[in-house]
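Listed below, chain by chain, are the residues.
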Amino acid sequence: MKTPALASLLLLCPALVLAQQEVDRAQNASPTPGNQQLERVSVTRQQTDTDLRRREPVAKQLYGREELDKYGDTQLSDVLKRLPGINVSGGQLRMRGLGGAYTQILVNGEPAPPGFSLDNLNPQQVERLEVTKAPTADQSAQAIAGTLNIILKDAPRVVQKDLRLGLAYASEKPVINAGFTYGDRVVGGLGFVLPISVYNWNFKNELDGERLTNAEPQPGQLRQHVASEGHDRSHGRGFNVSPRLNWKLGDDETLSLQGFFVDNRFRTEGVNTVTRLADNDPAYLPRTLDETTRNHGTFSAQRLNLQYNNRFNEDRRVELRAGAGSGGADFDFDFEGRGGAVPISRTTTGHNRNHQATLGGKYSQYAGEAHTLTAGGEIERRVRDENRRTLEDGVELLPGIEGQPFNATITRTAVYGQDEWEINKQWSAYFGVRHEQIKTQSEGSSDFAGSSDFQSTSKVTTPLLHLNYKPNPKGRDLVRASLTRSYKAPDVQQLINRPSINTTEPLASGNTRTTPDRVGNPNLKPELATGLDIAYESYLPAGGLVSVGVFHRRITNLIRTDQPRLMTVPWAPTQRWVITQINLSKATTQGLEIEVKGRAGELFPSLFEPTTALSLRASLNVYRSSVGDIPGPNNRLEGQQPWQFNFGADYRMKSLPITMGFSAQIAPDFDVRQSALQSQETLASRSLDAFAAMQVSKQDSVRLSANGLFQPRQGTRVSFTDLQDFTLSERKPVAWWAVNWEHKF
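Basis of the calculations
The numbers attached to residues start from 1 for each chain and follow its sequence in the written order. Whole-chain, interface and lining totals are the exception, using all residues; otherwise, since this is a predicted model, local features are given only for residues with pLDDT of at least 70 and side-chain atom pairs are given and counted only at 80 or more. Excluding hydrogens and water, the side-chain values take into account all heavy atoms of the structure. Helix and strand labels come from DSSP, where a helix needs a run of H or I of at least four residues and a strand needs a run of E of at least two; each type is numbered from the N terminus. Every radius of gyration here is taken over C-alpha atoms, with the globule rule written as 2.2 Å times N^0.38, N being the number of residues. Any residue under 20% of the maximum accessible area for its type is buried, any over 50% is exposed, and the rest in between are partly exposed; the area is computed with a 1.4 Å probe on protein chains only. We call two residues contacting when some pair of their heavy atoms lies within 4.5 Å. Only the protein chains shown count as cover for residues, and all accessible areas are computed by the Shrake-Rupley method using a 1.4 Å probe. Note that His is not counted, nor are the chain ends; the positive residues are Lys and Arg, and the negative ones are Asp and Glu. Every charge is mapped onto a representative atom, which is NZ of Lys, CZ of Arg, CG of Asp or CD of Glu. Following DSSP output, two strands are said to pair if at least two bridges run between them. The pairing test for Phe, Tyr and Trp rings, Trp by its six-membered ring, is centres within 6.5 Å, and the orientation test on the planes gives stacked under 30 degrees, edge-to-face over 60, and tilted for anything in between. A ring has a charge above it when a Lys NZ or an Arg CZ is no more than 6 Å from the ring centre and no more than 35 degrees off the ring normal. By the criterion applied in these results, polar contacts are pairs of N or O atoms within 3.5 Å in which, for protein atoms, one can donate a hydrogen and the other can accept it, and in which residues neighboring in sequence qualify only through two side-chain atoms. For each structure, a 1 Å grid was placed over the protein atoms alone; sets of points admitting a 1.4 Å probe that cannot get out are labelled cavities, open sets with protein on both sides within 12 Å along at least five of seven lines are labelled pockets, and lining residues have an atom within 4 Å of a point. Grid points are joined across faces, edges and corners, and a volume is the space filled by probe spheres set on the points. Lys, Arg, Asp and Glu make up the charged group, whereas Ala, Val, Leu, Ile, Met, Phe, Trp, Tyr, Cys and Pro make up the nonpolar group; the residues left over, Gly among them, are polar.

Before going further, it helps to spend a moment on the overall build of the chain. Counting its regular elements, the chain contains seven helices and 43 strands. Rg of the C-alpha trace for the chain: 28 Å, near the compact-globule value of 27 Å for 745 residues, within the 12% margin. If one aligns the C-alpha atoms of the chain with their principal axes, the spans along those axes are about 100 × 55 × 50 Å. For the chain, the proportion of its 745 residues judged to be buried stands at 50%. By sequence separation, contacts in the chain at least 24 residues apart represent 69% of the contacts at least 6 residues apart. As displayed, the chain has an accessible area near 34200 Å², and 56% of this comes from carbon and sulfur atoms. Looking at charge distribution, the chain has the averaged site of its 85 positive side-chain charges lying 4 Å from that of its 82 negative ones.

Our next topic: the sheet that holds strand S31 (residues 576–579). Reading across the sheet, the three strands line up as S26-S31-S30 and stay open at both edges, with mixed pairing between neighbours. Since the sheet does not close on itself, it has two edges, and those belong to strand S26 (517–518) and strand S30 (565–567), each with one partner. As paired strands, S30 and S31 are joined by three bridges and run antiparallel to one another. Paired with Met567 across the two strands is Arg576, which belongs to S31.

The next subject is the packing of aromatic side chains. Counted by the stated rule, this structure contains 10 aromatic pairs. Judged by centre distance (4.9 Å) and plane angle (70 degrees), the ring pair of Tyr71 and Phe691 falls under edge-to-face. Within this pair, whereas Tyr71 is found in the loop between helix H4 (65–69) and helix H5 (76–80), its partner Phe691 is found in strand S39 (residues 685–695), the two being separated by 620 residues in sequence. Exposure remark for Tyr71: the relative accessible area of 1% places this residue in the buried category. Chaining the aromatic ring pairs together yields one cluster made of Phe645, Phe647 and Phe662. The ring of Phe551 has Arg96 lying over it, and the distance from NZ or CZ to the ring centre is 4.0 Å. Its end group placed over the ring of Phe726, Arg717 keeps NZ or CZ at 4.0 Å from the ring centre.

As a further point, take the side chain of Gln711. By the element assignment, Gln711 lies in the loop between strand S40 (700–709) and strand S41 (714–720). Looking at Gln711, the relative accessible area reads 16%, which means it is buried. In this structure the side chain of Gln711 is engaged in a polar contact, spanning 3.2 Å, whose partner is the side chain of Gln714. Setting aside its immediate chain neighbours within four residues, Gln711 contacts Arg686, Ser687, Lys732 and Pro733.

Attention shifts here to empty space enclosed by the protein. The final tally for this structure, using the stated rule, is 12 cavities of 30 Å³ or more. Taken as a whole, the largest cavity holds about 360 Å³ of empty space. Around the largest cavity sit 31 residues that line it, and Ala59, Lys133, Ala535, Glu537 and Glu593 are the ones nearest its centre. Residues that form the lining of the largest cavity fall into these classes: 13 nonpolar, nine polar and nine charged.

Read across the sheet, five strands follow the order S2-S7-S8-S5-S6 without closing on themselves; strand pairing throughout is mixed. Each of the sheet's edge strands pairs with one partner strand only, and the pair in question is strand S2 (60–63) and strand S6 (110–111). Note: strand S5 (residues 103–107) against strand S8 (residues 146–152), five bridges, orientation parallel. If you follow Thr103 over to S8, its bridge partner there is Gly146.

So, on to the side chain of Thr103. When you line up the elements, Thr103 lands in strand S5. A distance of 3.4 Å separates the side chain of Thr103 from the backbone nitrogen of Met95, its partner in a polar contact. Once you skip the residues sitting within four places of it in the chain, Thr103 turns out to touch Leu93, Arg94, Met95, Leu98, Ala145 and Gly146.

Quick look at the structure:
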């Protein structure tokens, strides 16, 4: 009997017991033999993230302070990469293996600011994370893969004053971070919280590459086979502030003001050396052999949101919201290439500014004893101004195009209605429908390369159905099912009809199918997805969880890059190969999602004592997908890995006030057939994070952590189905170590 249990343990691996302290406290409260009178002892257990998850009307994963604080992270992306069904690549969130606009990111229920990265936000600014795999009517349905809602810190019920100081080491230089949180409730029902975080970073990556072009040269072509070796170093600093003010106007009436401010300064330097390989054509000399790059810039975002809530009585309530924000980014990128056929000095500068305003509201009312009806609407207007210029050897790379400003105005409106229905003790349902419209209008100069003016309107109606079933009306287990519609609208960069030049080949001499230029397509339609989700969730008595789920998505109007086409273009004296994005017919994706977490004694009673302060967690996600208009094999959705396995453990020592744990993530290498011509292989990834925390005193704690241990080389290899040509890019990430001290006043 122990063999299967041990095998399950190895599959699971170790994580944190949510109710361990309460169990120990209850045992220590037992009366001593000398007592003549038994005292009444009341043991209460604070609601855990698992308890809150079970009570949600739709399938939702919740993560609070325990998960946010565990490893002492300074970037929210490091927290997210350890969560089931989530991985983060280059600061981009991917759920169910799908990134980009397939995954929606919200901040307090509102779309994240343009240009926002998960690396920009410190976990100390966050109250909790909400992960939803199927959309709901009261949030945008631009969530084919799912939604991450980042809830910022709320005003505490009692005074809170925390100071955190941290020192980390990565890539040759130490970096610091600090955070301070002050919150209180004062006279007159007024409460506030002021979390402030400052941080800097320093990362160095070793880079390797190889490129084979014209492997089977045609007349007039030269075989190009080169390797490259170098490194880049990225460093910078930033701060987050997210103040919140709550005012209790009455017993059932509140007004809150939430601010969100981010500011980052970054700089990157790189060195690269190009080497001709033995089978390179002797007559071919790369344009440059010794290359250096420098990039520096800023990102900032500011937002204020006002929210009014009023519960008129037990049956009716209203919520009104208004918000305004702005932000932007700028960069200055320099490239210097020497030692090759033609020395190159290229400078690219750019900046953008965004301005945003939102209005929204919803009204809810009980209908009888079983129905809660809600109706609402929202409108968002966002204006983006952008300018970009590239100079090569002091001359405009694209005269008449580069340096010409353009702006885009995006107006999003939505109305929705929903009904939460408690059918009986076993069944509950959530019905909803949402109609959303996105109108994009761009204005720019009409130059000889074509105008950047365009208009695009997307209208999508999304019906939604969520069902919950309790096999035992008095039990804790649940079966959840969802049938929903979601979508992905094309963004401005996909729509705008401006060329982006591949600088591998000079404009005057033309390019190849493997080095095409790129233009947008203003005729793109939104992708539509019909989704089915079914999950069985078993909630264990001591706070553990076992969940098994499956999902299926059928996507139409899939946006994918078309094959390169040789065209006469107005921006070059010769014909150029050009690619753009088009709508394909359809695609499907489906998967299996398994999650297990809980106390070791509850999950494996034959191996561990009930009081063992060891908790375990593991998740296995298996994905399959197929794109209809692209031949197989491996005609998967872009970037979707076949599977992902996460596992971890946490242990609290009994003899010392020390807690320690680890978390590991593993994903295999995989190929994606991107088009009939091109495939991309992504290398395998694995990573291990570990921590040890000690409670030094009632007010002070110290935490040691390591992030990104045992990572292999990461990168991609792009190859071509009917050519031997390929491009390989690899990097070796570096782990970092940190120590954090926290003091509670």
